[in-house]
Amino acid sequence: MPQHLHRWQAIAWIAIVMAILAAFAAASASPARSAAFPVPHPAVSDYVRMTHSETPPTQADCAAVHRTCFSPQAIQSAYDLGPLYHDGFDGSGMTIAIVDAYGSDTMAHDLHVFNQTFSIAPLCGEEGVTCTSGMPWFKEFHYGGSPATKAPPSTSKSPGQENKSAWALEVALDVETSHAIAPGANILLVTTPTAETLGVQGFPQMMDAEQYVIDHHMANVISQSFASAEDAFGSSQSLENLRHAFKSAAQNGVTVLGSSGDGGSANDRKTPVGKGGSTIEEPTVEWPASDPLVTGVGGTYLCTDPTATTDQPRTLFVGPVAKCNANPGQEEVGWTFSGGGFSHVFDKPAYQNTLPAGSTPIGSARGVPDIGLQASAGTGALVFLSLPPDGNDSNVGDPGWWDIGGTSLSCPQWAGLVSIADQINGGGLGLINGGLYQLASNPTTYADDFFDVTTGNNTNPNAPGVAGYPATVGWDPVTGLGTPNAANLLPDLAAAL
């Protein structure tokens, strides 16, 4: 305290200092804020690095680690996209917004390697591509800044949520697989500069970024491969405060999709459990997928030919994956870790009042997910990533191909599907859930438009005390209404809405 102050000035000075100290103490603790906004975590899981070069692995390489690795064309075959491509429907004129923390310094390079390897149409904005008039593009929009995507130092005590290189793997998965489904669509990578800071950034910043995208008409579809348990929020009101972007999306014809999570029916209050978190004792679901204004996307094991060409009919392939072997004759099996169940926050929306015959009943609460797609890394997709940077002004550090799973795989691929339906429609469809359930309630269109997944269970083996749910005929809390027969579903969905 300065010695020349008068007594009344000294008292005022002390009061100011105490107020500043109190403010810092409150900011450091922030228990209410931290509880109100849990840390969003990427819904990518069970990933294995297959190579340390730009050469992709062979199926023999994948079989050696008890996996099948799907090419983009094999995924297109499994979900019957060929007829749509032949009719000129590939997402052209539509824009998919991929929302992730941090982004990836090497995405433009990695996208080019992916497209060159699998002969996928290039995008203006990827590395080494000359843009032409009318060409679909790849762009990055950094809402709030763009820190370098590198791992924290080895001395860091961070629980891992701010590992920028881990989020970069999520980014590569989202961008490459959505483009592979809808090669004619524009891809806008929307990033925020943090996953969480004392609970006041993370989800709020991601929702603000989405609000900006919607307000400025930057996308038709939004893909969200991040989530947290509903029960991790401090209150239902704190969750409600984050829904503004979804309400705007529904009013502006923008479809919002969300990964249902990778914990089955078991989720944590804080991630990771090893750093002070705890598993919630009862079955729970994750938000944003549980939001009635979001299309929740669950997951499956895809037991079809991983080397199929786009126009090859869907072909059963058992291969080395245990779940496919244990369910002979099933082209898809409900993924063990597919997030699903019943909301503790949201009531059942009207669109879930009518379900296909034989469905798991939905009581008074919102059922999750709405639909499914390939998600297990055991039957995963190949993704290329070249992070971390080498520190010598090069964008390429340690390149390699990864076999990846998680509902982070199913969600961006569904975003690609929706962009194709938008193209058929001539514009954004907005909330698609009403159309999905309407089509599924008719036995004829349900059989034509969906692959009903009737085997599997999402009881998490790492949390055996938390009961999961079986996949059943019709809707179930593992795969929703099932997976898409795209050639039939997407035109019918555009017509229904």
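Notes on the structure follow. Since this is a predicted model, take the numbers as computed values, not measurements. (Residues numbered from 1 in each chain as written. Predicted model: local features only at pLDDT ≥ 70, side-chain atom pairs only at ≥ 80, totals over all residues. Heavy atoms only, no water.)

**Looking at the overall build of the protein**
- The helix and strand tally for the protein stands at 15 helices and 19 strands.
- Sorting the 497 residues of the protein into buried and exposed places 57% on the buried side.
- Contacts in the protein between residues at least 24 apart in sequence constitute 79% of all its contacts with a sequence separation of at least 6.
- Put simply, the protein shows about 18,400 Å² of open surface, and 55% of that area lies on carbon and sulfur atoms. (Helix = DSSP H or I, 4+ residues; strand = E, 2+ residues; numbered from the N terminus. Buried < 20%, exposed > 50% of the residue type's maximum accessible area, 1.4 Å probe, protein only. Contact = heavy atoms within 4.5 Å. Areas by Shrake-Rupley, 256 points an atom, 1.4 Å probe, with all protein chains shown as cover.)

**Some thoughts on the pattern of salt bridges**
- Applying the stated rule across the entire model yields 8 salt bridges.
- Its salt-bridge partner being Arg 67, residue Asp 403 comes within 3.2 Å of it at the nearest N-O pair. Of the two residues, Asp 403 is situated in strand β17 (residues 400–405) and Arg 67 in the loop between α3 (59–64) and β3 (68–70); the sequence distance between them amounts to 336 residues.
- With a relative accessible area of 0%, Asp 403 lands in the buried category.
- Linking Arg 314 and Glu 331 is a salt bridge whose minimum nitrogen-to-oxygen distance equals 2.7 Å. Linking Arg 314 in the loop between β11 (295–302) and α11 (322–326) with Glu 331 in the loop between α11 and β12 (332–334), this pair joins segments that are 17 residues apart in sequence.
- Take Arg 314: its relative accessible area is 18%, and that puts it in the buried class.
- Put simply, Glu 240, Arg 243, Lys 247 and Asp 291 are held in one network by salt bridges that share partners. (Salt bridge = Lys/Arg side-chain N within 4 Å of Asp/Glu carboxyl O.)

**Structural notes on the side chain of Ser 259**
- Relative to the assigned elements, Ser 259 resides in strand β9 (residues 255–259).
- A distance of 2.9 Å separates a polar atom in the side chain of Ser 259 from the backbone oxygen of Thr 407. (Polar contact = N/O pair within 3.5 Å; in protein donor to acceptor, adjacent residues only side chain to side chain.)

**A short note on the packing of aromatic side chains**
- Following the criterion strictly, the structure yields 18 aromatic pairs and no others.
- Here Tyr 47 and Trp 402 contribute two aromatic rings whose centre-to-centre distance is 5.9 Å and whose plane-to-plane angle is 65°, an arrangement assigned as edge-to-face. Here Trp 402 lies in strand β17 and Tyr 47 lies in strand β2 (residues 45–49), a separation of 355 residues in the sequence.
- Judged by its relative accessible area of 39%, Tyr 47 falls in the partly exposed class.
- Put simply, the rings of Phe 203, Phe 226, Phe 233, Phe 246 and Trp 287 touch in pairs and so form one group of aromatic residues.
- Between the NZ or CZ atom of Arg 314 and the centre of the ring of Phe 451, over which it lies, the distance is 3.7 Å. (Phe/Tyr/Trp six-rings, centres within 6.5 Å; stacked < 30°, edge-to-face > 60°. Lys NZ or Arg CZ within 6 Å of the ring centre and 35° of its normal.)

**Observations regarding the packing of helix α8 (residues 203–215) against helix α10 (residues 244–251)**
- α10 packs onto α8 with a crossing angle of 20° between their chain directions and a minimal axis gap of 8 Å. Between α8 and α10, the angle is such that the two are roughly parallel. Note that α8 runs across α10; the crossing there is left-handed. Of the residues in α10, those touching α8 at Met 207, Asp 208, Glu 210, Gln 211 and Ile 214 are His 244, Ala 245, Phe 246, Ser 248 and Ala 249. (Axes fitted to C-alpha atoms, helices over the stretch in contact; angles between N-to-C directions. Parallel < 35°, antiparallel > 145°, perpendicular 65-115°, else oblique. Left-handed = near helix turned anticlockwise from the far one by under 90°.)

**Overview of the state of the cysteines**
- Tallied over the entire structure, the rule returns 3 disulfides.
- Residue Cys 124 pairs covalently with Cys 131 via a disulfide, S to S 2.0 Å. Where Cys 124 bonds to Cys 131 through sulfur, the torsion about that S-S bond is close to 90°, and the disulfide is right-handed.
- The class of Cys 124 is buried, set by a relative accessible area of 18%.
- Note that Cys 303 is cross-linked by a disulfide to Cys 324, the S-S spacing being 2.0 Å. Taking the torsion about the sulfur-sulfur bond, which here is approximately -85°, the covalent link between Cys 303 and Cys 324 counts as left-handed. Residue Cys 303 is found in the loop between β11 and α11, and its partner Cys 324 is found in helix α11; the two are separated by 21 residues along the sequence. (Disulfide = S-S within 2.5 Å.)

**Here we look at the side chain of Thr 379**
- Looking at the element boundaries, Thr 379 is found in strand β16 (residues 379–385).
- For Thr 379, the side chain forms a polar contact with the main-chain nitrogen of Leu 302, separated by 2.9 Å.
- Apart from residues lying up to four places away in sequence, Thr 379 is in contact with Thr 68, Phe 70, Thr 300, Tyr 301, Leu 302, Val 321, Cys 324 and Gln 374.

**Points about helix α15 (residues 486–496)**
- Those residues of α15 lying buried are Ala 486, Ala 487, Leu 489, Leu 490, Leu 493 and Ala 494.
- In this fold, the buried residues of α15 make contact with α5 (82–86), α12 (407–425), α13 (433–441), α14 (443–449), β18 (450–451) and β19 (483–484).

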